[in-house]
Amino acid sequence: MDPIMVSNFHFLRPWWFLALLPAIVLFGNLLRGQIATLQGLSALCDMDLLKHLVYQSGQSKRRSALVLWTLSYLFLVVSLAGPTWSKYPVSVYQSIAPRVLVLDMSDAMLERDLKPDRLTRAKFKLHDLLTRTELAGQTGLVVFTSQTFVVSPLTEDANTIDSLVESLTPQMMPVTGYRLERALGKAADLLHQAGYAQGQILVLSAEPPNVAGIEKADQLAREGIITSVIAVQSPAQEGGGVAIFDWYKRLARAGQGVAEIIANDNSDLTDWSKLEKSMQQHQIKEEKDKIPVWRDQGRWFLIPALLFFLPAFWRRWIDRVML
């Protein structure tokens, strides 16, 4: 083994060395039996002469058999203890469903065409989404006005993001305005920083998407990042609600996603969930990471264990050990 292997040498199941304790006890009993035999015969013969007589009677063969038995048992225990000094990679597959939630924090979110107001309803919608039991993969959260701020990078702990949503208010934002394209760019950056080339962006916005935002969604879609949107507005909004919602549809078409009007139930999340599951089917067994696993090399120690045990098949070998 090279120096790196030697430094990595260890045992996967070291508790198997406890099995050496019975062998030590047995070995001690055999030695005590030998000493007792010599002491008993010393009454009949001089001790110096007796040692030579016993040796000539097979003591050397008995000792050799005992050494072979001990070595065989030792290698067997070492094999069971799982010696290792190298690793091999095991691919770990995991459902990949990265998404970034983008929340509009402009003054339009404070209007009350939705009860109690648009922002509160958007928070309820985020809570419903973040607490969905089928939600898998990593989630991030971005808020924006004319500037963009990261509330949470991508994480698998959706509960942490959910706990942060309640404290979000437009008053916390240092500037006003509406620059959706910046928010989409920041969401894409979060996906890339987490190591993903593809993913989903879900926008919750009270302002109709601007042209720059639609163009940015089109650019991201060509890169494999899908943009969907939920309009945080009343469906019965006066003054041409259908025409306003058409801008949300344009954003969804450019981003290859879906556009929905916020609903009292989770029906607005149904199409978006179907889109996400469709993306997962193409990515569900993509390799997520390689975890190094120690290779059990105990099988190699079985070879000397068996070789040292071969004399057990010789005639009267057990008698040489026990007598």
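Calculation rules
- Residues numbered from 1 in each chain as written.
- Predicted model: local features only at pLDDT ≥ 70, side-chain atom pairs only at ≥ 80, totals over all residues.
- Heavy atoms only, no water.
- Helix = DSSP H or I, 4+ residues; strand = E, 2+ residues; numbered from the N terminus.
- Buried < 20%, exposed > 50% of the residue type's maximum accessible area, 1.4 Å probe, protein only.
- Areas by Shrake-Rupley, 256 points an atom, 1.4 Å probe, with all protein chains shown as cover.
- Pairing = 2+ DSSP bridges.
- Axes fitted to C-alpha atoms, helices over the stretch in contact; angles between N-to-C directions.
- Contact = heavy atoms within 4.5 Å.
- pLDDT = per-residue confidence, 0-100.
- Patch = residues over 30% accessible without salt bridge, like charges linked within 9 Å, V, L, I, M, F, W, Y side chains within 5 Å.
- Salt bridge = Lys/Arg side-chain N within 4 Å of Asp/Glu carboxyl O.
- Phe/Tyr/Trp six-rings, centres within 6.5 Å; stacked < 30°, edge-to-face > 60°.
- Lys NZ or Arg CZ within 6 Å of the ring centre and 35° of its normal.
- Expected span 1.5 Å × (residues − 1).
- Polar contact = N/O pair within 3.5 Å; in protein donor to acceptor, adjacent residues only side chain to side chain.
- Parallel < 35°, antiparallel > 145°, perpendicular 65-115°, else oblique.
- Nonpolar A, V, L, I, M, F, W, Y, C, P; charged D, E, K, R; others polar.

For the protein chain, the count of helices and strands is 11 helices and 10 strands. When the 323 residues of the protein chain are sorted by exposure, 41% land in the buried category. As presented, the protein chain carries roughly 17900 Å² of accessible surface, and 60% of it is formed by carbon and sulfur atoms.

Attention now moves to the sheet that holds strand β7 (residues 199–205). Strand order across the open sheet formed by six strands is β6-β5-β4-β7-β8-β9, with mixed pairing between neighbours. The two strands at the open ends of the sheet, each matched to only one other strand, are β6 (148–155) and β9 (256–261). Shown here is a sheet whose adjacent strand axes are inclined to one another by a mean of 15°, direction ignored. Across five bridges, the pairing between strand β5 (residues 139–144) and β6 is antiparallel. The residue of β6 that forms the bridge with Thr 139 is Thr 155. Across the sheet, helix α5 (residues 158–165) touches β5 and β6, and the angle it forms with β5 is around 20°.

With 73% of its residues at a pLDDT of 70 or more, the protein chain shows a mean pLDDT of 80. This stretch, residues 284–290, has a pLDDT under 50; its non-local contacts, to residues over four places away or in other chains, come to 19 contacts.

This part covers unusual backbone geometry. Omega for the peptide link from Lys 115 to Pro 116 comes to -5°, which places this bond in the cis form. Position of Pro 116 relative to the elements: it lies in the loop between β4 (99–104) and α4 (118–130). In the Ramachandran plot, Gln 256 falls in the positive-phi region, its phi being about 60° despite a non-glycine side chain.

Taken together, the side chains of Trp 15, Trp 16, Leu 18, Leu 21, Ile 24, Leu 76, Leu 80 and Leu 302 define a hydrophobic patch exposed on the protein surface, amounting to about 790 Å² of accessible area. Elements with a minimum of two residues in the nonpolar patch: α2 (20–41) and α3 (47–80). Counting through the fold element by element, Leu 18 comes out in the loop between β1 (10–11) and α2. Judged by its relative accessible area of 57%, Leu 18 falls in the exposed class.

Moving on: the packing of aromatic side chains. For any pair of aromatic rings, geometry is given as the distance between the ring centres together with the angle between the planes. Per the stated rule, a full pass over the model turns up seven aromatic pairs. Centroid distance Phe 11 to Phe 17: 4.9 Å. Interplanar angle 90°. Geometry classified as edge-to-face. A relative accessible area of 26% places Phe 11 in the partly exposed class. Grouped by ring-pair contacts, the aromatic residues Phe 9, Phe 11, Phe 17 and Trp 85 constitute a single cluster. Just above the ring of Trp 247 sits the side chain of Arg 250; from NZ or CZ to the centre is 4.4 Å.

Okay, α4 next. Given 3.6 residues per helical turn, the α-helix brings residues three or four places apart onto the same face. In this model α4 runs 18 Å from its N-terminal to its C-terminal C-alpha over 13 residues, within 8% of the 18 Å that 1.5 Å per residue would give. All of the buried residues along α4 are Arg 118, Leu 119, Arg 121, Ala 122, Lys 123, Lys 125, Leu 126, Leu 129 and Leu 130. Of the residues that open α4, the one with a side-chain oxygen 3.2 Å from the backbone nitrogen of Leu 119 is Asp 117.

Here we take up the pairing of β5. With respect to burial, β5 is a largely interior element, six of its six residues being buried. Residues Thr 139, Leu 141 and Val 143 line one face of β5 and the alternating positions Gly 140, Val 142 and Phe 144 line the opposite face, and both faces are buried. Here six bridges tie β4 to β5, and the two strands are oriented parallel to one another. Directly across from Arg 99, in β5, lies its bridge partner Thr 139.

Before going further, it helps to spend a moment on the pattern of salt bridges. Within this structure, the stated rule accounts for six salt bridges. In this structure, Glu 111 engages Arg 118 in a salt bridge whose closest nitrogen and oxygen atoms are separated by 3.3 Å. Given the relative accessible area of 2%, Arg 118 is considered buried. For Arg 222, the salt bridge is made with Asp 218, and the minimal N-O distance between the two is 2.2 Å.

It is worth spelling out the packing of α4 against α5 at this point. Relative orientation of the contacting elements α4 and α5 amounts to 170°, with a least axis distance of 10 Å. Regarding the angle of α4 to α5, the classification is roughly antiparallel. On the side of α4, the interface is formed by Lys 123, Leu 126, His 127 and Leu 130, while α5 contributes Ala 158, Ile 161, Asp 162 and Val 165. Taken together, the residues that form the contact of α4 with α5 break down as five nonpolar, one polar and two charged.

Let's shift gears to the packing of helix α6 (residues 180–193) against helix α7 (residues 211–222). Viewed as axis vectors pointing N to C, α6 and α7 meet at an angle of 25°, and their least axial separation amounts to 7 Å. With respect to their mutual orientation, α6 and α7 come out roughly parallel. Across the interface between the two elements, Leu 180, Glu 181, Leu 184, Gly 185 and Ala 188 from α6 touch Ala 212, Gly 213, Lys 216, Ala 217 and Leu 220 from α7. Of the residues in the contact of α6 with α7, the class split is six nonpolar, two polar and two charged.

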